[in-house]
Structures are given as C-alpha cells and as structure tokens.
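# Working through the structure, step by step
The primary structure of each chain is shown beneath.
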Amino acid sequence: DTGVSQDPRHKITKRGQNVTFRCDPISEHNRLYWYRQTLGQGPEFLTYFQNEAQLEKSRLLSDRFSAERPKGSFSTLEIQRTEQGDSAMYLCASSPWGGGTGADTQYFGPGTRLTVL
Amino acid sequence: GENVEQHPSTLSVQEGDSAVIKCTYSDSASNYFPWYKQELGKRPQLIIDIRSNVGEKKDQRIAVTLNKTAKHFSLHITETQPEDSAVYFCAASTDTNAGKSTFGDGTTLTVKP
C-alpha cells in the first residue's frame, strides 16, 4: 500500500442521478477526511472519520450527501440527486492520528473529479 | 471558524530567484501549518509543515516561518527551478478541530527558465 487511493478518478453524470465514490486510506491510518475542491480554490472540509465513527460534518454537506466508513477502513461518499453545483474534485485524505495532542500529517488521494451535466 | 488568507494568488519568478508566499490565519488556537504543492491534475502533496512550538523550519531549498503573534506564516523557496511550477496551498489546523485543515485559496507559481 503506497498511498491513499480513490475510485473512480472521473465521473460524469446527469443532474438528478446518484453517485458514489470510494476512498481507500493508508492501511494503518485511523482518521479519514473528505474534502471538496473547485477550480481556483483550496480544498474545503466536508467530513471526517475516526475509525468507523463519523465525528463531524461541515455545513457544506447537505442532506443529499452521506458518507460511511463501515469497518474503519475504506470510506464511501454518496451524493443523491446530483446538481450542477456539485461538480468539483472530491479529495480524500488520511492521517495516523495518535489520539494525543498534535495534529498529524494528512496524505491525500488523487481525487475523484465529478462533472454533473 | 478558522479563516486562512493566502497571497499572492499568482507569482512569476525567473529560474534561480526566490519565491515567497504568505498566509494569515484567524484562529489563535491553530497550531499546525502544512504547505502543499499541487501540480495540474494531481493530488496535493505535503512539502513542509511547521508546528506552533517552532518559528522556522527548513528542508533544502524550502523553508517555512511562523509568527504566532501576528498570526501569519510564509513559505520560502530559494533557487527556484521550472519543476517548482505548481499551485501551492497553505493550511491551518488545531487539535480542537480534530486536525481538519482550513486551506488558503492557493498561489500559482510559475518559474520561467
């Protein structure tokens, strides 16, 4: 395992369709983050998991978005009833958060580029 | 919440010159400041980071300085090379927000040969 992987790398869908993305973190990392990045902007935090528990969701994450990490390993991000405004790069990152003080380095995946027509 | 501002948005330098990118943050509790390099179509990759208990960190041609009082930190790249051309993002995070990072909007660095 050489890094965070994401699948698919690209997704084109029609407005109103549902899409699901997958993220496989670095195997020993217990924290997993989802970010969204639009052109010309930095990544924006969406949600994160500590093992299988989803501990925080951004206000950016509407009810159409849901994320899971059922066994504390890979995670999925689903968008229901996609809208054109959902078009963006969806980035996953993981970190070996140790439970103590000090934020840990986040390692990013290659992202899934979503285009909603 | 945290707000991170990054300047300049674009920077063009001649090969061999130095480049400096500056970021300011709003949350005085922030204590971890990573810098990422993102090439076109690729993932953000960490190039250097600094924690609030130090004022400066250097790794070969790259250095980061932190001024906690003024709440700003800067990336310095010396002897720039064309392969340094990319978008650079600063970020800030704190233990109390679970390490999730707030990013600046990026600086597009172009190094002209």
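On a predicted model such as this, the values are computed, not experimentally measured, just so you know.

To continue, consider the sheet that holds strand β7 (residues 65-68) of chain A. Within a sheet, neighbouring strands are paired by backbone hydrogen bonds and run either parallel or antiparallel to one another. Residue and element names in this part refer to chain A. Here four strands make up an open sheet; going across it, the order is β1-β3-β8-β7 and the pairing antiparallel. Both outer strands of the open sheet, β1 (5-7) and β7, are each paired with one neighbouring strand and no more. Each adjacent strand pair in this sheet contributes to an overall mean axis angle of 15 degrees, direction not counted. Taken together, the five bridges between strand β3 (residues 19-24) and strand β8 (residues 75-79) define a ladder with antiparallel strand orientation. Bridge pairing in β8 links C23 to S75.

A few words on the side chain of H29 of chain A. Residue and element names in this part refer to chain A. Residue placement: H29 occurs in the loop between β3 and β4 (31-37). For H29, a relative accessible area of 6% corresponds to the buried category. A distance of 2.7 Å separates the side chain of H29 from the side chain of S94, its partner in a polar contact. At 3.4 Å, the side chain of H29 forms a polar contact with the backbone nitrogen of S95. Beyond its immediate stretch of four places on either side in the chain, H29 contacts R69, S94, S95, P96 and Y107.

Okay, the packing of aromatic side chains next. Scanning the entire structure with this criterion turns up 15 aromatic pairs over all chains. Judged by centre distance (4.8 Å) and plane angle (45 degrees), the rings of Y25 of chain B and F33 of chain B are tilted. The class of Y25 of chain B is buried, set by a relative accessible area of 5%. Residue classification places F33 of chain B among the buried residues on the basis of a relative accessible area of 0%. A centroid spacing of 4.8 Å and a plane angle of 45 degrees characterise the contact between F33 of chain B and F73 of chain B, whose relative ring orientation is tilted. Here F33 of chain B, found in strand β4 (residues 32-38), pairs with F73 of chain B, found in strand β8 (residues 72-77); they are 40 residues apart in sequence, far enough to count as distant. Of the two residues examined, F33 of chain B and F73 of chain B, each falls in the buried class. Across from the ring centre of F74 of chain A, 3.9 Å away, lies the NZ or CZ of R22 of chain A, which sits over that ring.

Cut-off values and rules
Residues numbered from 1 in each chain as written. Chains lettered and ligands numbered in written order. Predicted model: local features only at pLDDT ≥ 70, side-chain atom pairs only at ≥ 80, totals over all residues. Heavy atoms only, no water. Pairing = 2+ DSSP bridges. Helix = DSSP H or I, 4+ residues; strand = E, 2+ residues; numbered from the N terminus. Axes fitted to C-alpha atoms, helices over the stretch in contact; angles between N-to-C directions. Buried < 20%, exposed > 50% of the residue type's maximum accessible area, 1.4 Å probe, protein only. Polar contact = N/O pair within 3.5 Å; in protein donor to acceptor, adjacent residues only side chain to side chain. Contact = heavy atoms within 4.5 Å. Phe/Tyr/Trp six-rings, centres within 6.5 Å; stacked < 30°, edge-to-face > 60°. Lys NZ or Arg CZ within 6 Å of the ring centre and 35° of its normal.

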